[in-house]
Amino acid sequence: MTLRDLELLMEQVATEMGFDHYALIHHVDHRLGSKSASIRLENYPEPWVERFLEKQLYSWDPIHMASYATNIAFAWSDVPNMIQLTKKHKEVLETAAMEGLGDGVTVPANLPGEANGSCSFAVRTGKTLRREHMGAVQLIGSFAFQTARNLALEAAAAANNLQKVALSPRQLDCVLLAGRGKSDWEIATILGIKEDTVTQHLDTARERYGVARRVQLVLRAVHDGQLALCDLL
């Protein structure tokens, strides 16, 4: 599957569930045009998208703000009950309605070590939101964002001539314990191997990631999904 295939699939799914628009996005400034793995797949009304990017409204979007307060799907019309809306927040919602975006449903996609993101489905202004699809939106949104993330990571790696780093199980053990603040001697004692072997494993892992410091190594391993933040506790 390609990102274009996913776009076509999302349009089809949105239509079948009674929505008019969808958006799979990371909550970042997409005007930068870097070779990062940020996601932006949407079919929102073009005037709204242009204004959203030009005015940097992502910094004031109450839907984004609400998505940081939960990990399950929520209706946009419920946002006033989730966060305290400021004048700026209300202006964003009013502007969106003027440009054709009515109510919607958003599924948060907030992964440790990455920019926050979300998957949203919306109806045009004046159309009633069908809440019976909330459960389906939760499942579809989660899988769709993860699929987009994987495809974007592959595209970014190709654009930057990078290959996915693969660490051996023992190297991961050493990186995990290093992330917990253990010294090479402590890691060696825990794993029952020589201290020099631990040092070699960590050096090899740093070389594969092209980083110089332990903290960079741990962060890259978390970013790539080889470790989770909860593993470091």
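To be clear, the structure that these remarks concern was listed above.
Because the structure is a prediction, the values reported are computed rather than measured. (Residues numbered from 1 in each chain as written. Predicted model: local features only at pLDDT ≥ 70, side-chain atom pairs only at ≥ 80, totals over all residues. Heavy atoms only, no water.)

Colleague: Could you give an account of the environment of K90, naming the residues involved and the relevant values?
Modeller: Among the secondary structure elements, K90 is positioned in helix 4 (residues 87–98). Relative accessible area serves as the criterion here: at 45%, K90 is assigned to the partly exposed category. A sequence separation of 30 residues divides K90 from W60, and the C-alpha atoms of the two residues are 9.4 Å apart. (Helix = DSSP H or I, 4+ residues; strand = E, 2+ residues; numbered from the N terminus. Buried < 20%, exposed > 50% of the residue type's maximum accessible area, 1.4 Å probe, protein only.)

Colleague: If you had to explain the packing of aromatic side chains to someone new, which residues and values would you point to?
Modeller: Two aromatic rings, taken as a pair, are described by how far apart their centres are and by the angle between their planes. The tally for this structure, following the rule as stated, stands at 2 aromatic pairs. Residues F19 and F121 carry aromatic rings whose centres are separated by 5.4 Å and whose planes lie at 35 degrees to one another, so their mutual orientation is tilted. Residue F19 is located in the loop between helix 1 (3–16) and strand 1 (21–26), and its partner F121 is located in strand 5 (residues 117–124); the two are separated by 102 residues in the primary sequence. On the basis of relative accessibility, which here comes to 0%, the residue F121 falls in the buried class. With a centroid separation of 5.3 Å and an interplanar angle of 55 degrees, the aromatic rings of W48 and F52 are classed as tilted. Of this pair, W48 and F52 both sit in helix 2 (residues 46–54), 4 residues apart, roughly one helical turn. For F52, a relative accessible area of 13% gives the class buried. (Phe/Tyr/Trp six-rings, centres within 6.5 Å; stacked < 30°, edge-to-face > 60°.)

Colleague: Tell me about the sheet that holds strand 5, and name the residues and values.
Modeller: In spatial order, the strands read 2-1-5-4-3; together these 5 strands make up an open sheet with antiparallel pairing. Looking at the sheet topology across the chains shown, the edges are occupied by strand 2 (40–42) and strand 3 (74–75). (Pairing = 2+ DSSP bridges.)

Colleague: Requested: an account of the pairing of strand 1, with residues and values cited.
Modeller: Most of strand 1 is tucked away: 6 of the 6 residues are buried. Side chains H21, A23 and I25 project from strand 1 onto one buried face, and the interleaved Y22, L24 and H26 project onto a second face that is buried too. Across 6 bridges, the pairing between strand 1 and strand 5 is antiparallel. Paired with I25 across the strands is S118, a residue of strand 5. Here strand 1 pairs with strand 2 via 3 bridges, running antiparallel.

Colleague: Help me get a handle on helix 2, residues and values and all.
Modeller: Among the residues making up helix 2, those that are buried are W48, V49, F52 and L53. The buried residues of helix 2 occupy one face: seen down the axis, they fall within an arc of 125 degrees. Turned more than 90 degrees from where helix 2 packs its buried face, E46 and E54 sit exposed. On its buried side, helix 2 packs onto strand 2, helix 3 (62–67), helix 4 and strand 4 (101–109). (Arc of directions from axis to C-beta. Contact = heavy atoms within 4.5 Å.)

Colleague: Break down helix 4 for me, with residues and values.
Modeller: Here helix 4 is 12 residues long and its end C-alpha atoms lie 16 Å apart, about the 16 Å a rise of 1.5 Å per residue gives. For helix 4, the complete set of buried residues consists of H89, V92, T95 and A96. Seen end-on, helix 4 carries its buried residues on one side only, within an arc spanning 125 degrees. Turned more than 90 degrees from where helix 4 packs its buried face, K87, E94 and M98 sit exposed. Contacts made by the buried residues of helix 4 are with helix 2, helix 3 and strand 4. Note on helix 4: the residue one or two positions beyond its end, G100, has a positive phi of about 110 degrees. (Expected span 1.5 Å × (residues − 1).)

Colleague: Hey, could you go over the packing of helix 7 (residues 184–191) against helix 8 (residues 195–209) for me, with residue numbers and the actual values?
Modeller: Viewed as axis vectors pointing N to C, helix 7 and helix 8 meet at an angle of 110 degrees, and their least axial separation amounts to 8 Å. Between helix 7 and helix 8, the angle falls in the class roughly perpendicular. Two secondary-structure elements touch here, helix 7 through D184, W185, I187 and A188 and helix 8 through E195, V198, T199 and L202. Counted by class, the contact of helix 7 with helix 8 contains 5 nonpolar, 1 polar and 2 charged residues. (Axes fitted to C-alpha atoms, helices over the stretch in contact; angles between N-to-C directions. Parallel < 35°, antiparallel > 145°, perpendicular 65-115°, else oblique. Nonpolar A, V, L, I, M, F, W, Y, C, P; charged D, E, K, R; others polar.)

Without other data, these values stay purely geometric and don't point to any function.
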